[in-house]
Amino acid sequence: MPPAWALLLLAGLGGGRGCLQCDPAVQQTLRQLRRDLVPSRFGRGQLRARAQALLLGMEGPFFRDYAAGVSGGAIEVDHLDPVAIFAQNQINKLRADSLRDRPLLQELVTLRRKVTKKLKTGLRSYELKACDQKTCHTLTEEVLDCVHCRKTSPRCMKKDDCFVDRQPRTALQYGSGRGRPWNQVPLGIVVSLCLAVFAFGVIVASAVTYRHNRKLLLQ
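Residues numbered from 1 in each chain as written. Predicted model: local features only at pLDDT ≥ 70, side-chain atom pairs only at ≥ 80, totals over all residues. Heavy atoms only, no water.

The name given to the chain in an unreviewed UniProt entry is Izumo sperm-egg fusion protein 2, with the source organism recorded as Pipistrellus nathusii. Within the UniProt record for the chain, the comment given under Sequence similarities (unreviewed entry) is "Belongs to the Izumo family." (UniProt positions renumbered as here; feature names shortened; annotations may be inferred.)

This is how it looks when you write it as structure tokens:
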């Protein structure tokens, strides 16, 4: 790889200034990757369009939207460098290959998946601390808000937002009934019994109808 590319990747991905979509140098690197690969290694058609869309997504909202769905997009600043270094190595490996068309598209998908998985590790690491009610009040690490690309103070997360990708937690509650107008277990039993009775009635009605029709045929 040319020395200029190595310097660009090192400056853009190794500095840990922000999440992958926050650093202009990273955006420039991904943009150049798209401009180099798509015209020269993809023929015209659906494969080129898919590769173009995939890389544009990585340049744009993909990592931001993913971070927003994992613990609100907060990550410790110290955990960004491993993600950036990993992304640098994966991009270098991809640029060194001579793949074309479908195999190259598959490698681009794999690149995005691997980098996303690495980013998730950092996001989850902060979430583990922010959701631990015993230790979250002692958090002192510098935190980056990946959604707005700005540093912020660490904070405890609400229990309902922990480990559910920002979706409301639906917890089974046995016996206590707290937070629910009824107990879910008896309700489930009643619904199951009603369905069983309904199914039994359908079977009996079918049997009676069959016997009646058979008698009519034998007359």
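There is a patch of nonpolar side chains on the surface, built from F200, V204 and V208 and spanning about 290 Å² of accessible area. Of note, F200 is situated in helix α7 (residues 184-218). (Patch = residues over 30% accessible without salt bridge, like charges linked within 9 Å, V, L, I, M, F, W, Y side chains within 5 Å. Areas by Shrake-Rupley, 256 points an atom, 1.4 Å probe, with all protein chains shown as cover. Salt bridge = Lys/Arg side-chain N within 4 Å of Asp/Glu carboxyl O. Helix = DSSP H or I, 4+ residues; strand = E, 2+ residues; numbered from the N terminus.)

This next bit is on the layout of surface pockets. Space inside the largest pocket adds up to approximately 180 Å³. As for the largest pocket, its lining consists of 14 residues, and the residues nearest its centre are G72, A74, D145, T152 and R155. At the level of secondary structure, the elements contributing two or more residues to the lining of the largest pocket comprise β2 (143-145) and β3 (150-152). Residues that form the lining of the largest pocket fall into these classes: five nonpolar, six polar and three charged. (1 Å grid on protein atoms, 1.4 Å probe; cavity = no way out; pocket = protein on both sides within 12 Å on 5 of 7 lines; lining within 4 Å. Points joined across faces, edges and corners; volume = space filled by probe spheres on them. Nonpolar A, V, L, I, M, F, W, Y, C, P; charged D, E, K, R; others polar.)

Strand pairs in the sheet, formed through backbone hydrogen bonds, run parallel or antiparallel to each other. As summarised here, the arrangement of the three strands in space is β1-β2-β3, forming an open sheet in which the pairing is antiparallel. The sheet is open, and its two borders are formed by β1 (74-76) and β3, each paired with just one other strand. Across the sheet, the mean angle from the axis of one strand to that of its neighbour is 40°, orientation sign disregarded. Across three bridges, the pairing between β2 and β3 is antiparallel. Paired with L144 across the strands is K151, a residue of β3. (Pairing = 2+ DSSP bridges. Axes fitted to C-alpha atoms, helices over the stretch in contact; angles between N-to-C directions.)

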